[in-house]
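Okay, here's what each chain looks like letter by letter:
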Amino acid sequence: MSTPSEAGSAPPATEIEPEADTYDDADSSLGSALGSSTTSIGSSILNYRKENGRRYHAYKDGQYLFPNDEQESDRLDLQHHLLYMTFDGKLHMAPIPKEQQLHRVLDVGTGTGIWAIDFADEHPESEVIGVDLSPIQPSFVPPNLSFQVDDIEEQWTFGSKFDFIYSRMMTGSLMNWPKFFSQSYENLNPGGWIEVVDICLPYQSEDGTLKEDSAINYWIKTGIPGVTALGREIHTAHTYKERMIAAGFENVTEVIYKWPTNRWPKDKRMKELGMWALENMLSSLEAISLAIFTRGLGWSKAELDVLLAKVRGEMKDTKIHAYAPIYVVYGQKPKAG
């Protein structure tokens, strides 16, 4: 596990001790455009794709692999709480000095906008912009926050540069991560910060209880080629640090946290994280998998349902001591002079 800077928060211990007695557990409104790249909301953007009983974005149809319906929005808000717990109530881990003014902040892939709303509330002095392919954000937001429907993989044409760029859980969403880091660098003021938070598959186990032939491993190893076939990456968060450095950032720090698959850990805090992580995964398993397996691999939904039933069973099994690595990578653009 990497060591954060002195100003950062220490991650959990390298190894998670399992519970001794484990058992199977069945148990702002949409803002005005800044630059020509921003698309105004029209009927075409709201003409969502319907597929396998789920709703997907219309603008740049097919580019984002996961649904944008109310079920997924609820799950994203739950995930926000899980991340908030993981980081001990902090909205970011980058050690930004209190005296450093964040005039403009960009939230890439804002989703429901919940992080941007919380950040705008905490920093009324900052102008916060949330960007996403889907206009699913609320209408009533802090006055210093606006949302834009835009494709962050196109040329950035924002009117002014930023002091902080934040992005989380965008794995499987971008075709070109090196380009993203380069564009972020170019659109930051000197001394500005970037932070990226992401899960990195496959799941890990330190005691061998997650077997090589498990349904969880089969789901991930089979799904990765499906993501690749759709032009995305879903298992490369471990490359963010080197890509960030290659883009020119300095003081780049990588911290790895862990989300247990369920309440198997002995430690009370990790057990609670595991309970929330299980709910997050059970809520997202179908959403994560549908496009990857049906579009990317040509599976039928019925075939996928059979696999996911097995995966859910293993996710709930407290005899399987697995966890998902959560990468936090942050860096700073060199200061002028």
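Residues numbered from 1 in each chain as written. Predicted model: local features only at pLDDT ≥ 70, side-chain atom pairs only at ≥ 80, totals over all residues. Heavy atoms only, no water.

(A) View of the overall build of the protein. Along the backbone of the protein there are eight helices and 10 strands. For the protein, buried positions account for 57% of its 337 residues. (Helix = DSSP H or I, 4+ residues; strand = E, 2+ residues; numbered from the N terminus. Buried < 20%, exposed > 50% of the residue type's maximum accessible area, 1.4 Å probe, protein only.)

(B) Broad picture of empty space enclosed by the protein. Considered as a void within the structure, the second largest cavity measures approximately 90 Å³ in volume. Broken down by secondary-structure element, the contributors of at least two residues to the lining of the second largest cavity are helix H5 (215–229) and helix H7 (268–296). Within the lining of the second largest cavity, the residues separate by chemical class into nine nonpolar, two polar and no charged. (1 Å grid on protein atoms, 1.4 Å probe; cavity = no way out; pocket = protein on both sides within 12 Å on 5 of 7 lines; lining within 4 Å. Points joined across faces, edges and corners; volume = space filled by probe spheres on them. Nonpolar A, V, L, I, M, F, W, Y, C, P; charged D, E, K, R; others polar.)

(C) Structural view of the pairing of strand S5 (residues 145–149). Burial analysis of S5 places five of its five residues in the buried class, the great majority of the element. Residues Leu145, Phe147 and Val149 of S5 are buried on one face, and the alternating residues Ser146 and Gln148, pointing to the opposite face, are buried as well. In this structure, strand S4 (residues 127–132) lies alongside S5, joined through five bridges in parallel fashion. Across the sheet, the residue bridging to glycine 130 is phenylalanine 147, located in S5. (Pairing = 2+ DSSP bridges.)

(D) Expanded view of helix H4 (residues 177–186). Every buried residue belonging to H4 is among Trp177, Phe180, Phe181, Gln183, Ser184 and Tyr185, and all of these are buried. At the N-terminal end of H4, a side-chain oxygen is found 2.9 Å from the backbone nitrogen of lysine 179, two or three residues along, and the residue is asparagine 176. (Polar contact = N/O pair within 3.5 Å; in protein donor to acceptor, adjacent residues only side chain to side chain.)

(E) View of unusual backbone geometry. The omega angle of the peptide bond from leucine 201 to proline 202 is 10°, so this bond is cis rather than trans. Within the element layout of this structure, proline 202 appears in the loop between strand S7 (188–199) and strand S8 (204–205). Although it is not a glycine, aspartate 88 sits at a positive phi angle of roughly 55°. You can see aspartate 88 is positioned in the loop between helix H2 (70–86) and strand S3 (104–108). Looking at aspartate 88, the relative accessible area reads 48%, which means it is partly exposed.

(F) Quick peek at the pattern of salt bridges. One pass over the full model with this rule turns up seven salt bridges. Close ionic contact of glutamate 127 with arginine 104 constitutes a salt bridge, the shortest N to O distance being 3.2 Å. Of this pair, glutamate 127 sits in strand S4 while arginine 104 sits in strand S3, placing them 23 residues apart in sequence. We classify glutamate 127 as partly exposed; its relative accessible area is 33%. A salt bridge links glutamate 286 to lysine 301, with the shortest nitrogen-to-oxygen separation between them at 3.6 Å. In this pair, glutamate 286 sits in helix H7 while lysine 301 sits in helix H8 (residues 301–316), placing the two residues 15 residues apart along the sequence. Taking the relative accessible area as the measure of exposure, lysine 301 reaches 26% and is therefore partly exposed. (Salt bridge = Lys/Arg side-chain N within 4 Å of Asp/Glu carboxyl O.)

(G) Focus on the nonpolar core. Core analysis: the largest hydrophobic core is formed by 61 residues, its most contacted members being Phe164, Tyr203 and Trp219. The greatest single-element share of this core, amounting to 10 residues, is contributed by H7. Apart from the residues within four sequence positions on either side, phenylalanine 164 is in contact with His92, Ile96, Leu102, Arg104, Val105, Leu106, Trp115, Phe119, Leu188, Trp193, Ile194 and Glu195. Of all hydrophobic cores here, the second largest spans 28 residues; its members include Leu174, Phe180, Ile194 and Ala247. (Core = buried A, V, L, I, M, F, W, Y, C linked by side-chain atoms within 4.5 Å. Contact = heavy atoms within 4.5 Å.)

(H) Main features of H2. For H2, with 17 residues, the first-to-last C-alpha span of 24 Å sits near the 24 Å given by 1.5 Å per residue. Every buried residue of H2 is accounted for by Glu72, Ser73, Arg75, Leu76, Leu78, Gln79, His80, Leu82, Leu83, Met85 and Thr86. Looking one or two residues past H2, aspartate 88 carries a phi angle of roughly 55°, positive in sign. (Expected span 1.5 Å × (residues − 1).)

(I) Quick look at the confidence of the model for the protein. Mean pLDDT over the protein stands at 84; residues scoring 70 or higher make up 81%. Confidence drops under pLDDT 50 across residues 1–13; counting only partners more than four residues distant or on other chains, this segment forms 34 contacts. Note that residues 22–41 has pLDDT below 50 and, in this model, 63 contacts with residues that lie over four places away or in other chains. (pLDDT = per-residue confidence, 0-100.)

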